[in-house]
Amino acid sequence: MNRTENAAIVSLRTVRKEYRLGQTLVPALRGVSFDIHRGEFTALVGSSGSGKSTLLNIVGLVDTPTSGAVLLEGEDVSALNERGLARLRNQKLGYVFQSFNLIPVLSAFENVEVPLLLRKELSRDERRERVAAALEDVGLGEHARKRPDTLSGGQRQRVAIARALVGRPRLVLADEPTANLDSVTAHTIIDVCLELNAKRGVTFLFSTHDEKLMERVSRRIRIQDGRVVEQ
Ligand code: ADP
Ligand code: MG
């Protein structure tokens, strides 16, 4: 049996995380376990300080647990060195941030192209086709040449979603992607993500503390004081 075909995209096994603040240990995650499967659209919900960002950073391989295991497509990531982790981050994961994190001097097109510049196997034409397709997918085909400061907040976040998608990741992670947007725009961003999920099968895990947004997703993982209380 092929291990990677049957495994969840991500499995967390009793993940604990403690931060050291001077002499005290702050428990941020107190034994979190769940699986994310292909095609799922999951909201990680919980109030401020409940551990959402800590959890997404661990799933995103930008932070490591104090104890417990993280498996990406069945592979225990604790065995990997920084180079191996960087490769997985670039090839298997896409990231969307609350504050968009676009590069101001680059056009929308060039921002979306950035993750593909590390993919030496792609020709320039393949790269450009993929960037154009990703911008079309988020409804920004017309705005490819524009710089971030000439785009609205919602459009900037669409550029960031296109950038997260362009490498065809197994999983897109988004930490409070709508927190800097008004509520109407927030819903349109979730619409874009839901459509990508339905049409392209993109798997999403995003965090939010907005009760209205979390009603729109098929799966919720609720976290409270570093523990999963509903999933
Ligand atoms: P959320 O994203 O849900 O607001 P966080 O994951 O940011 O929650 O934080 C969870 C807990 O961990 C909070 O008590 C927070 O204060 C603490 N925490 C987060 N990051 C750090 C850090 N770098 N150092 C110390 N404590 C931290
Ligand atoms: Mg947070």
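Keep in mind that what you see is a predicted model, and the values were worked out from it rather than measured.

Trainee: So what's going on with the site of ligand 1? Which residues, and what values?
Mentor: Y19, L21, A28, S47, S48, G49, S50, G51, K52, S53 and T54 make up every residue found near ligand 1. Here an oxygen atom of ligand 1 sits 2.6 Å away from a polar atom, N or O, in the main chain of G49. Relative to its free-state accessible area of 560 Å², ligand 1 is covered by the protein chains to the extent of 64%. Those elements giving two or more residues to the shell around ligand 1 turn out to be β1 (10-21) and α2 (52-59). The greatest single-element share of the shell around ligand 1, amounting to three residues, is contributed by α2. When grouped by side-chain class, the residues that make up the shell around ligand 1 number three nonpolar, seven polar and one charged.

Trainee: Which residues make up the confidence of the model for the protein chain, and what values do they have?
Mentor: Here the protein chain averages 93 in pLDDT, while 97% of its residues score no lower than 70. The least confident element of the protein chain is helix α1 (residues 3-6), whose mean pLDDT is 52; the most confident is helix α4 (residues 108-113), at 98.

Trainee: Hey, could you go over the nonpolar core for me, with residue numbers and the actual values?
Mentor: Grouped together as the largest cluster of nonpolar side chains are 40 residues, with contacts concentrated most on V112, L135, V138, I161 and L196. Broken down by secondary-structure element, the contributors of at least two residues to this core are β3 (41-45), α4, α5 (124-137), α6 (153-165), β7 (171-175), α7 (183-200), β8 (204-208) and α8 (211-214). Every residue in contact with L135, bar those within four places of it in the chain, is listed here: F109, V112, L140, G141, A144 and A162. By size, the runner-up hydrophobic cluster in this structure holds 25 residues, among which are V15, L29, I58 and L85.

Rules behind the numbers
Residues numbered from 1 in each chain as written. Chains lettered and ligands numbered in written order. Predicted model: local features only at pLDDT ≥ 70, side-chain atom pairs only at ≥ 80, totals over all residues. Heavy atoms only, no water. Near = heavy atom within 4 Å. Polar contact = N/O pair within 3.5 Å; in protein donor to acceptor, adjacent residues only side chain to side chain. Areas by Shrake-Rupley, 256 points an atom, 1.4 Å probe, with all protein chains shown as cover. Helix = DSSP H or I, 4+ residues; strand = E, 2+ residues; numbered from the N terminus. Nonpolar A, V, L, I, M, F, W, Y, C, P; charged D, E, K, R; others polar. pLDDT = per-residue confidence, 0-100. Core = buried A, V, L, I, M, F, W, Y, C linked by side-chain atoms within 4.5 Å. Buried < 20%, exposed > 50% of the residue type's maximum accessible area, 1.4 Å probe, protein only. Contact = heavy atoms within 4.5 Å.

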